[in-house]
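Analysis of the macromolecular model
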Amino acid sequence: MVNSLLAYPNTGAWLAHCLQRIRSAGAALDGIWPDLGYLGWLTAAVLVEVGAPTHTAVVVRAGQVMLPTVGLAQVAAAGEYGLGRLYVRGTGSISIEFEGTTLNIVDTACWEQPGWRPLERIRLVDNGFEVIVDDLDPFREFNDPSGSAPADSRLPQLSRDQLRDWREAFATAWVLMERDHPGYAKPLSVGLRSFVPLTAEPISPSTSRTSYNSFGCIAASSTRSAHQMALTLIHEFQHAKLGAFTDMVELYEDDPRERFYAPWRDDPRPIEWLLQGMYAHLGVTDFWRAERLRTRSELAHVEFARWRTQVHRSIAEILESGVLTMAGTEFVHAAAKTLRPWLDEEVTDSAAFIADEAASGHWVAWCVRNLQIADSVLEHLFSAWKSAERPHLENVPAGLPTRPDRKQPELRSRLLPSYLQVLEQKTSGNVDRIQHFTPGDMAYGSGNYAEAVTHYKREIEAGPMLPQPWAGLALALRQLRPAHEVSALSARGEVVAQLYTRICATGDVCDPTDLVCWLSSDGPRT
C-alpha cells in the first residue's frame, strides 16, 4: 500500500514541483512548508486505507486536506493555512480537527457529506482494472514549469454527471481496446493509474498530455466518444512508455536545439520530442489501421494514410539527425520495421490524395513559418530576379530554424480542406471536429483550383509571411500546372515567401505565381 501511494502519479508531480521551488527560491523557502505537507497527506491516506483507529498531524493548505487516492476535505476557508489533526475512527470513517472545528466524515466513499468529495474510481468488473479520475488533488497539474504554485485553479472539478460521462466513455473505450488493440490494452491495464481532466466538457480539438514525473497518469480534455478515449489512451501511453524507457536507456546525445521538423507540430522540435512524437504517432497509425480494417470507413482510410505518411517522414528525419546513440538507432530501426509493411497496404485513392495533401501543405507552411535564409542569399536572389537571371535554387543553402517573434495562428486547421470535408461528412462522432474554412480553402475543397489561387494570392498580398496561404497556393498550383513548373514552393517555401516579401518591400509588383514559376525554372525569367 505504501509503495502504491509512493508510485501514484501525483506523488511524482508533487516531488517535481517542490524540487523546482527549492532550486528556484534560493534561501527564501519560508513559503514552501504547506507544499511539503503533501508527505503527511500520503501518510494519512495510508492510515485511512488501513482503517485501524489512529491519528496523525496533517497540514491544512488553502483550507484543504487532500488524501491522495481517497478524496479532498475542505476544513476551512480557502485562505487558511496551518496544522490540523486527522483521526481514523474505523474503515472509511475519519474526522479532521483544525482551529477548534471538527469535520466528521462517516464514509470516505460517500458524496453526500458537507466538506468532503471522494475521488471517482472507474472499476472494470471483468478484469479488476481500476482507474482514478483525479479532479481534486492540488498537485495534479504537472505542466507547471515555473514551480511557483500548482496550477490546480486552472483545472476543473467535475460534477457527478460529468464524471459519469468519463466512466461511460472509458468503459466503452476499454471494450474497443481489448477487442481491437490488445497489444496496447495489456500494458495500459498494468501501468495506467489515473486520469486528470483538463476540461469539464468536451472541446474541439481535444487535448491531452503526459509527464515524465507522473508515470501512469494521462491528463486529457473530457470526451463522450469512446473512439476518442481509446485513441487518447494509445497515444499518451506511448509517450509514457518511451519516457520510462529513456530513463533506463540513452537513445540520443544531449541536444536541446529546436531544429527538427515534426509533421504534427507547427514549430521546430528538439530530438527528444521528435522521437517522442514519432513513437506516439506510430501508435496512432496502428489505431487507425485497425479501425480501417474493421469499419472500412473513408475517415479511417484517410487517418491511416495520413499518419503513416507523417510517421515515415519523421523516422527519416530522426535517422538523419546525427545524434542517435547505437541503442537509439536500433530503436528507430525497429519502429521503421513495424511501419514498413503498413506503407504497402492499400487505401482508397482519395485517402492517398488527402494524406499527400496533408504532408505537402504542412511542410510548406512549416518552412515559411520557421526557416530563415541568410540575408546575403536573399540579396543574391533579389538581384537575379531584378536582372531576370536563372535563380539557381538548387544552390541556395537550407534555411535555418528560427523562433519567429510574430504571433502566428496554428497551421493544422487551415491546411487540409479535403481532410476537413471528410470530417464534415462523417456522422459517427468518433473523433473531434476540426473546422475553419477560408474562401481559398472553400474553393480548393470544391475543386475550383483557379479560384482558390486567386483567393490565396489575395491573402498573401495582405500578409506576405503568413504560412497558410502559401501552403494553400502550393496545393492549388500543383492541380493546375505540371509539378516541375511549381516545385519551388513545395520544396523551398521559405525562399519563395522571403523573396516575395523582399521584392514587395521595394514597391515592385510581383505575382506570387510568377515568382514560384521563375524559382522552379531552369532558365532566366522571361
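In this report, we go over the structure that sits alongside the text. (Residues numbered from 1 in each chain as written. Predicted model: local features only at pLDDT ≥ 70, side-chain atom pairs only at ≥ 80, totals over all residues. Heavy atoms only, no water.)

Concerning empty space enclosed by the protein
Condition: For cavity detection a 1 Å grid was placed over the protein atoms alone, and a set of points counts as a cavity when a 1.4 Å probe fits there but cannot get out; an open set counts as a pocket when protein lies on both sides within 12 Å along at least five of seven lines, with lining residues being those that have an atom within 4 Å of a point. Grid points are joined across faces, edges and corners, and a volume is the space filled by probe spheres set on the points. When residue character is reported, Ala, Val, Leu, Ile, Met, Phe, Trp, Tyr, Cys and Pro are called nonpolar, Asp, Glu, Lys and Arg charged, and the others, Gly included, polar.
Per the counting criterion, the structure on display carries two cavities of 30 Å³ or more. Volume-wise, the largest cavity comes out at about 80 Å³. The wall of the largest cavity is formed by 12 residues, among which Ala-220, Ser-221, Thr-223, Gln-228 and Thr-232 lie closest to the centre. Of the residues contributing to the lining of the largest cavity, the split by class is three nonpolar, eight polar and one charged. Considering only enclosed or pocket space, the second largest cavity measures out at about 40 Å³ in volume. Looking at the second largest cavity, the residues that line it are Gln-162, Asp-165, Trp-166, Ala-200, Glu-201, Pro-202, Ser-222, Thr-223 and Arg-224.

Focus on the sheet that holds strand 6 (residues 101–105)
Applied cut-off: Paired strands, as defined in this entry, are two strands with at least two bridges between them according to DSSP. Helix and strand definitions follow DSSP, with helices as H or I runs of at least four residues and strands as E runs of at least two, each counted in order from the N terminus. Throughout, an axis means a line fitted to C-alpha atoms (over the contacting stretch in the case of helices), and angles, computed between N-to-C directions, take values from 0 to 180 degrees. The contact criterion used throughout is that any non-hydrogen atoms of two residues lie within 4.5 Å.
As summarised here, the arrangement of the four strands in space is 1-4-5-6, forming an open sheet in which the pairing is antiparallel. The sheet is open, and its two borders are formed by strand 1 (54–60) and strand 6, each paired with just one other strand. Put simply, the sheet's adjacent strands are angled 25 degrees from each other on average, direction ignored. Two elements, strand 4 (residues 82–90) and strand 5 (residues 93–98), share five bridges in a ladder whose sense is antiparallel. Each bridged residue has a counterpart across the sheet, and for Val-88 the counterpart in strand 5 is Ile-94. Against the sheet, helix 4 (residues 38–50) engages strand 1, strand 4 and strand 5, with an angle of about 150 degrees to strand 1.

What to know about the environment of Leu-251
Quick note on the threshold: Burial status follows relative accessibility: with a 1.4 Å probe on protein chains alone, a residue under 20% of its type maximum counts as buried, one over 50% as exposed, and anything between as partly exposed.
Examined against the element boundaries, Leu-251 turns out to sit in the loop between helix 7 (226–248) and helix 8 (271–295). For Leu-251, a relative accessible area of 1% translates into the label buried. Along the primary structure Leu-251 and Ala-327 are separated by 76 residues, whereas in three dimensions their C-alpha atoms are 5.5 Å apart. Here Leu-251 is in contact with Leu-242, Phe-245, Thr-246, Leu-275, Leu-324, Thr-325, Ala-327, Gly-328 and Phe-331, once residues within four sequence places are set aside.

Notes on helix 7
What counts, and what does not: Here, expected helix span is obtained from the residue count minus one, scaled by 1.5 Å. N or O atoms within 3.5 Å of each other form a polar contact, as long as, within protein, one can give a hydrogen and the other can take it, and as long as residues adjacent in sequence are counted only when both atoms are side-chain atoms.
Its 23 residues place the ends of helix 7 33 Å apart at the C-alpha level, agreeing with the 33 Å of an ideal helix rising 1.5 Å per residue. Between the side-chain oxygen at the start of helix 7 and the backbone nitrogen of His-227 there is a gap of 3.4 Å, and the oxygen is on Ser-225.

Digging into the layout of surface pockets
Its boundaries defined by the atoms lining it, the second largest pocket holds a volume of some 280 Å³. Lining the second largest pocket are 14 residues; nearest its centre among them are Val-70, Thr-108, Ala-109, Arg-121 and Arg-123. Secondary-structure elements contributing two or more residues to the lining of the second largest pocket are helix 4 and strand 8 (120–124). Looking at which element gives the most residues to the lining of the second largest pocket, the answer is strand 8, with three residues. Here the residues of the lining of the second largest pocket are counted per class, giving six nonpolar, four polar and four charged.

What about the sheet that holds strand 2 (residues 64–67)?
One open sheet holds the three strands; their spatial order is 2-3-7, and the pairing between them is antiparallel. Each having just a single partner strand, strand 2 and strand 7 (116–118) make up the two edges of the open sheet. Between one strand axis and the next, the sheet turns by 10 degrees as a mean value, whatever way the strands run. Strand direction decides the pairing type here: strand 2 and strand 3 (residues 71–74), joined by four bridges, are antiparallel. What sits directly across from Leu-67, in strand 3, is Gly-71.

Observations regarding the packing of aromatic side chains
Selection rule: Put simply, two rings from Phe, Tyr or Trp (the six-membered ring, in Trp's case) pair if the centres are within 6.5 Å, and we call them stacked under 30 degrees between planes, edge-to-face over 60, tilted for the rest. Only lysine NZ and arginine CZ atoms are considered, and such an atom sits over a ring when it is within 6 Å of the ring centre and within 35 degrees of the ring normal.
Applying the stated criterion to the full structure yields 19 aromatic pairs. Aromatic pair Tyr-38 and Phe-139: ring centres 5.3 Å apart, planes at 80 degrees, arrangement edge-to-face. Linking Tyr-38 in helix 4 with Phe-139 in the loop between strand 9 (129–133) and helix 5 (160–180), this pair joins segments that are 101 residues apart in sequence. By relative accessible area, which is 2% here, Phe-139 ends up buried. Taking 5.5 Å as the distance between ring centres and 50 degrees as the angle between the ring planes, the aromatic pair formed by Tyr-279 and Phe-331 counts as tilted. Placement of the pair is Tyr-279 in helix 8 and Phe-331 in helix 10 (residues 326–343), with a sequence separation of 52 residues. Exposure remark for Tyr-279: the relative accessible area of 18% places this residue in the buried category. A network of ring pairs unites the aromatic residues Phe-129, Trp-166, Phe-170, Trp-174 and Phe-195 as a single cluster. Seen from the ring of Trp-363, Arg-313 lies directly overhead, with NZ or CZ sitting 4.3 Å from the centre.

Observations regarding the pairing of strand 8
Because side chains alternate across strand 8, one face comprises the buried residues Glu-120, Ile-122 and Leu-124, and the other comprises Arg-121 and Arg-123, none of which is buried. For strand 8 and strand 9, the ladder comprises five bridges, and the chain directions are antiparallel. Residue pairing across strands places Leu-124 opposite Phe-129, the latter belonging to strand 9. Hairpin connection between strand 8 and strand 9: a loop of four residues separates the two successive antiparallel strands, and Gly-128 in this loop has a positive phi of roughly 75 degrees.

Some thoughts on the packing of helix 8 against helix 10
Spelled out, the test is: Orientation is classified from the angle alone, with under 35 degrees giving roughly parallel, over 145 giving roughly antiparallel, 65 to 115 giving roughly perpendicular, and any other angle giving oblique. Note on convention: near helix rotated counterclockwise from far helix by under a right angle means a left-handed crossing. Clockwise means right-handed.
At a minimum axis distance of 11 Å, the contact between helix 8 and helix 10 shows a crossing angle of 25 degrees. Of the possible angle classes, the one that applies to helix 8 and helix 10 is roughly parallel. When the axes of helix 8 and helix 10 are compared, the crossing they make is left-handed. Residues Leu-275, Met-278, Tyr-279, Leu-282, Thr-285, Asp-286 and Arg-289 of helix 8 pack against Phe-331, Val-332, Ala-335, Thr-338, Leu-339 and Trp-342 of helix 10. Taken together, the residues that form the contact of helix 8 with helix 10 break down as nine nonpolar, two polar and two charged.

Here's the deal with the pairing of strand 6
Note: strand 5 against strand 6, five bridges, orientation antiparallel. Bridge pairing links Phe-98 to Thr-101 in strand 6. Here strand 5 folds back onto strand 6, and the loop between the two strands holds two residues, one of which, Glu-99, carries a positive phi near 50 degrees.

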